[in-house]
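# Understanding the architecture of this molecule
Chain by chain, the residues run as shown.
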Amino acid sequence: MSAFPVLSVSQLRVHFPVHGGVMLRQTGAVRAVDDVSLDIAPGETLGLVGESGCGKSTLGKAVVRLLKPTSGTIHFENTDITRASQRALRPLRRDFQMIFQDPAESLDPRMSVRSILEEPFIIHGLGSRTERIQWVDGLLDRVGLPAAAAERYSFEFSGGQRQRIGIARALALKPKLIVCDEPVSALDVSIQSQILNLLVELQQDFGLSYLFIAHDLSVVKHVSDRVAVMYLGKIVEVATAEMIYRDPRHAYTKALLSAIPTPDPQARREKILLEGDVPSPMDPPAGSAFGHRMGHPRYEESIGMDLALREIAPGHQVAADPCCLTENDWASLAGDSARALPRSADSIPRVMP
Amino acid sequence: MTDVPENILVVDKLITSFESDRGLLRAVDQVSFSVPEGKTVGIVGESGCGKSVTAMSIVRLLPQPAGKILGGQVLFKGRDLLHASDVMIRKVRGGEIGVIFQEPMSALNPVHRIGRQVAEVFRLHKKISKRDAWDAATEMLKLVRIPAPEKRMLDYPHHLSGGMRQRIVIALALACRPSLVIADEPTTALDVTVQAQILDLMARLQSELKMSMILITHDLGVIAETCDEVVVMYAGRVVERASAAELFAHPLHAYTRGLLQSIPTLATPSKSILRTIPGMVASLADHTHACRFCQRMGRSSADARDRPGYAEVSPRHWVETCPVCYQP
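Residues numbered from 1 in each chain as written. Chains lettered and ligands numbered in written order. Predicted model: local features only at pLDDT ≥ 70, side-chain atom pairs only at ≥ 80, totals over all residues.

### Examining the overall build of chain B
For clarity, the cut-off: Each helix is a run of H or I in the DSSP string that is no shorter than four residues. Each strand is a run of E no shorter than two, and both are numbered from the N terminus. When we talk radius of gyration, it's over C-alpha atoms, and the globule rule is simply 2.2 Å times the number of residues to the 0.38. Counting other C-beta atoms within 10 Å of a residue's C-beta gives its exposure: the residue is buried at 20 or more, exposed at 12 or fewer, and partly exposed in between, where C-beta atoms are placed from the backbone. Contact between two residues is assigned when their C-beta atoms, built from the backbone, lie within 7 Å.
On a plain count of helices and strands, chain B comes out with 12 helices and 12 strands. For 328 residues, the compact-globule estimate of 2.2 N^0.38 gives 20 Å, and chain B sits close to it at 21 Å. Each principal axis of the C-alpha distribution contributes one length, and for chain B these read about 65 × 50 × 50 Å. Out of the 328 residues belonging to chain B, those deemed buried represent 47%. The long-range fraction of contacts in chain B, counting pairs at least 24 apart against all pairs at least 6 apart in sequence, stands at 63%.

What follows is the structure, encoded as structure tokens:
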């Protein structure tokens, strides 16, 4: 990667303990995020797709430290924020913000839009009262809301307008990275395109980086530079948006792409129909998770194998999983173990505290 | 007999209103369409456009006492459903017309086992013994391809995944082998891979059991892949209806075009600016404009004081002829 990453995540795990029995002892763990590494460059959008329960939202919340990681490291620019205290995080939070899926639930109904948008400035002790009024007006204008909106309450707005308020709030402190967690999935199609356009424009104007989480692959492909596909807590394939779409290598990515309904009655493509459901992250299969779902004949072989991401083509990484690759791809990966990716933590120079 | 298949359902100038504190709101405003035998008709539109209310008016499942059908006609196999007695409509609903609801969790009773809920349909609509009903229910679970149906009969809804629950809801709707199925956003709550499974299942069952279907969705992709004919609704009115092939190839109403252009597909270049429809869906309480879509676009419709009519521009392709929105 040429540019120094804004966000660099290495071998991140987020496990949620499960308690049971009479003594409520820990009986297990939900492995929501399991050994995930990723980088996001300045001005880049990394799309994160996967089905419900694959851990994509958990990953999004963990990288901005709304959740505590179990192990691994998260570096924001040069700073290790993996174990930073809330107090130490506060000044850093100016640089990374979040946009939530449901704007109705993430905006306080008892606060006027002005107080919602003013709050980040107050928390960080920025500006005088008059400056803050100007800034809020500027923000509203930037996200395409009338100045009069400031004195109203969030519930007076439609879903699309509420999401604009959520975007304005995330934008207030001029962050470098915004984690967008399903920002358009609650919106109608005609409104969805308005919000997607706004996000693309803002990125160009402010040089923002996005971690864009969504289950809709066509939306993700539209806004992303690179796309990471997640399955049961693990990233199984990463490539440029064009490449993921034109030349998917992992069986799960292929199935996901073929399942998207196309708005063209003439184009009846062959669908790869998956059997069964995503296995439980509480008790994940020992080997290839997707191979297990498909009942793949090579599943037994994959148990105990290192299924980590490997580079299969320049800028295109895929899990080295015999169940999920074509014979050719598997042969080229297995025969070339020297090309195994170094763990990103070692490959990126970094000042350690 | 002509080569056009006979219509199993005809909806003519249906009007449904809701009482609200702002007066009567017309959620469905003179909606007309028909369902040819054995075909799938899709109703597409954004939230609040009246697509679900239209469907629920057909089987008279409107929220009471607020929802009222104020006019029009619904003919199912020639029988008038709007004026049918409660006893008769209860026989038709769940019998000859099956309904698949969107949210499989709220369509199933959480405190009863799956088997009891599916068997109940048979007990209500057919005079059969408990044991026969149970066996018939197991058969239904097999039909919707649920693995190990005998075991699943004893499960509660919360034991099953979203996709499996939706299969149960489909089994309930199809239990009495209906000739018409109304599916209200059957896959909206599901993941894409599960959606593909369910749509595939519904298409197979439809041809196996020779059913007609009304499919309500906001997803034009789903429409394109499953429907023969499409009804596009906006703010309570039908703005355009045509065969799926015709509608996607030659959309004639500004709203249909706007909808089609605003969805990103895998083929649109990354980070390009999408076409949008400005504004938002018009409020049903606001009657200042004759044409609902002109109202959204902020156009003055001084030249059109009357509500636009419909024209059949080519066989079975109808469009609302607002002078601005109709773009031949």
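### As for the overall build of chain A
A count of helical and extended segments in chain A gives 14 helices and 12 strands. Radius of gyration (C-alpha) of chain A: 21 Å, near the 20 Å computed for a compact globule of 353 residues. For chain A, restricting intrachain contacts to residue pairs at least 6 apart in sequence, the fraction spanning at least 24 positions comes to 64%.

### Observations regarding the packing of helix H4 (residues 113-123) of chain A against helix H5 (residues 129-142) of chain A
Residue and element names in this part refer to chain A. Applicable threshold: For every element, the axis is a line fit to its C-alpha atoms; helices are fit only across the contacting stretch, and the angle between N-to-C directions ranges from 0 to 180 degrees. Throughout, a crossing is termed right-handed when the near helix is turned clockwise from the far one, and left-handed when it is turned anticlockwise from it by less than a right angle. Gly is placed with the polar residues, together with every amino acid not listed as nonpolar (Ala, Val, Leu, Ile, Met, Phe, Trp, Tyr, Cys and Pro) or charged (Asp, Glu, Lys and Arg).
Contact geometry for H4 and H5: axes closest at 10 Å, N-to-C directions at 115°. The way H4 lies across H5 gives a crossing that is right-handed. Of the residues in H5, those touching H4 at Arg114, Leu117, Glu118 and Phe121 are Arg132, Trp135, Val136 and Leu139. Looking at the contact of H4 with H5 residue by residue, the classes come out as five nonpolar, no polar and three charged.

### Observations regarding the sheet that holds strand S5 (residues 79-80) of chain A
All names here are of chain A. Here is the rule: Being paired, for any two strands, means DSSP has found at least two bridges between them.
The strand order across the open sheet formed by four strands is S2-S1-S4-S5, and the pairing between neighbours is antiparallel. Each having just a single partner strand, strand S2 (25-40) and S5 make up the two edges of the open sheet. By the bridge criterion, two bridges tie strand S4 (residues 71-76) to S5 in an arrangement that is antiparallel. For Phe76, the partnering residue across the bridge sits in S5 and is Thr79.

### Thoughts on the nonpolar core
Where we set the bar: Only buried residues count toward a nonpolar core: Ala, Val, Leu, Ile, Met, Phe, Trp, Tyr and Cys, linked into one set through C-beta atoms within 7 Å.
Leu211(A), Val229(A), Val118(B), Ala171(B) and Ile182(B) are the most contacted members of the largest nonpolar core, which has 191 residues in total. Leaving out residues up to four positions away in the same chain, Val229(A) has contacts with Val49(A), Gly50(A), Ile235(A), Val236(A), Glu237(A), His250(A), Tyr252(A), Thr253(A) and Leu256(A).

### Some remarks on helix H1 (residues 56-63) of chain A
Of all eight residues in H1(A), eight are buried, a share of seventy percent or more. Those residues of H1(A) lying buried are Lys56(A), Ser57(A), Thr58(A), Leu59(A), Gly60(A), Lys61(A), Ala62(A) and Val63(A).

### Remarks on the environment of Gly98(B)
Residues and elements named next belong to chain B. With respect to the element layout, Gly98 can be found in strand S6 (residues 97-100). Sequence-wise, Gly98 and Lys130 are 32 residues apart; in three dimensions their C-alpha atoms are separated by 22 Å. In this view, Gly98 contacts Ala173, Leu174, Pro178 and Val181; residues no more than four positions away in its chain are not counted.

### Focus on the sheet that holds strand S10 (residues 234-240) of chain A
All names here are of chain A. Here eight strands make up an open sheet; going across it, the order is S6-S7-S8-S3-S9-S10-S12-S11 and the pairing mixed. Strand pairing shows two members of the sheet lacking a second neighbour, strand S6 (96-99) and strand S11 (309-313), which therefore form its edges. Ignoring strand direction, the axes of neighbouring strands in this sheet form an average angle of 20°. Summarising the sheet, strand S3 (residues 45-49) and strand S8 (residues 209-214) pair through five bridges and their orientation is parallel. Bridge pairing links Gly47 to Phe212 in S8. Relative to S8, H1 is tilted by about 155°, and along the sheet it contacts S3, strand S7 (177-181), S8 and strand S9 (226-231).

### Describing the interface of chain A and chain B
With 35 residues of chain A at the interface, the matching set in chain B holds 38 residues. Those elements giving two or more residues to the side of chain A that touches chain B turn out to be helix H7 (189-206), helix H8 (217-223), helix H9 (241-246) and helix H10 (251-259) of chain A.

### With respect to the environment of Ser161(B)
Residue and element names in this part refer to chain B. Within the secondary structure, Ser161 is located in the loop between helix H6 (149-152) and helix H7 (162-174). The partly exposed category is assigned to Ser161, around which 17 C-beta atoms lie within 10 Å. Along the chain, Ser161 and Ile58 lie 103 residues apart, while their C-alpha atoms are 30 Å from each other.

### Overview of the environment of Thr253(A)
All names here are of chain A. Residue position: Thr253 is located in helix H10. Of the residues examined, Thr253 has 24 C-beta atoms within 10 Å and is grouped as buried. Along the backbone, Thr253 and Val238 are 15 residues apart, and their C-alpha atoms lie at a distance of 10.0 Å. Aside from chain neighbours lying at most four places away, what touches Thr253 is Val229, Glu237, Ile244 and Pro248.

### Some thoughts on the packing of H7(B) against helix H8 (residues 192-209) of chain B
The packing of two helices is summarised by the inter-axis angle and the distance between the axes. All names here are of chain B. What counts is decided by this rule: Here is the rule for angles: anything less than 35 degrees is roughly parallel, anything more than 145 is roughly antiparallel, 65 through 115 is roughly perpendicular, and the remaining ranges are oblique.
In the contact formed by H7 and H8, the axes pass within 10 Å of each other and the chain directions differ by 20°. Judged on the interaxial angle alone, H8 and H7 are roughly parallel. Judged by the twist between their axes, the crossing of H7 over H8 is right-handed. Judged by residue contacts, Gly162, Gly163, Gln166, Ile170 and Leu174 of H7 engage Val194, Gln197, Ile198, Met202, Leu205 and Leu209 from H8. Here the contact of H7 with H8 is composed, by residue class, of seven nonpolar, four polar and no charged.

### What to know about the confidence of the model for chain B
Atomic detail in the predicted coordinates should be set aside for any region of low pLDDT. Worth spelling out the cut-off: Every residue carries a pLDDT, the predictor's confidence in it, which falls somewhere between 0 and 100.
Here chain B shows a mean pLDDT of 89. Residues at 70 or above account for 96%. Predicted complex, confidence summary: ipTM 0.82, pTM 0.86.

### What about unusual backbone geometry?
Here the bond from Gln64(B) into Pro65(B) is cis, since omega is 5°, no more than 30 degrees from zero. As for its placement among the helices and strands, Pro65(B) is situated in the loop between helix H1 (51-58) and strand S4 (67-76). At Leu232(A), a residue that is not glycine, the phi angle is positive and equals roughly 50°. Given 24 C-beta atoms within a 10 Å radius, Leu232(A) is considered buried.

### Describing the pairing of strand S10 (residues 237-243) of chain B
Residues and elements named next belong to chain B. Among the seven residues that make up S10, six are buried, leaving the element largely enclosed by the rest of the structure. By the bridge criterion, six bridges tie strand S9 (residues 229-234) to S10 in an arrangement that is antiparallel. Counterpart to Val230 in the pairing with S10 is Ala242. Connecting the antiparallel pair S9 and S10 is a turn made up of two residues, with Ala235 showing a positive phi of about 45°. With two bridges connecting them, S10 and strand S12 (residues 317-320) associate as antiparallel partners. Looking across to S12, one finds that Glu240 is bridged to Val319.

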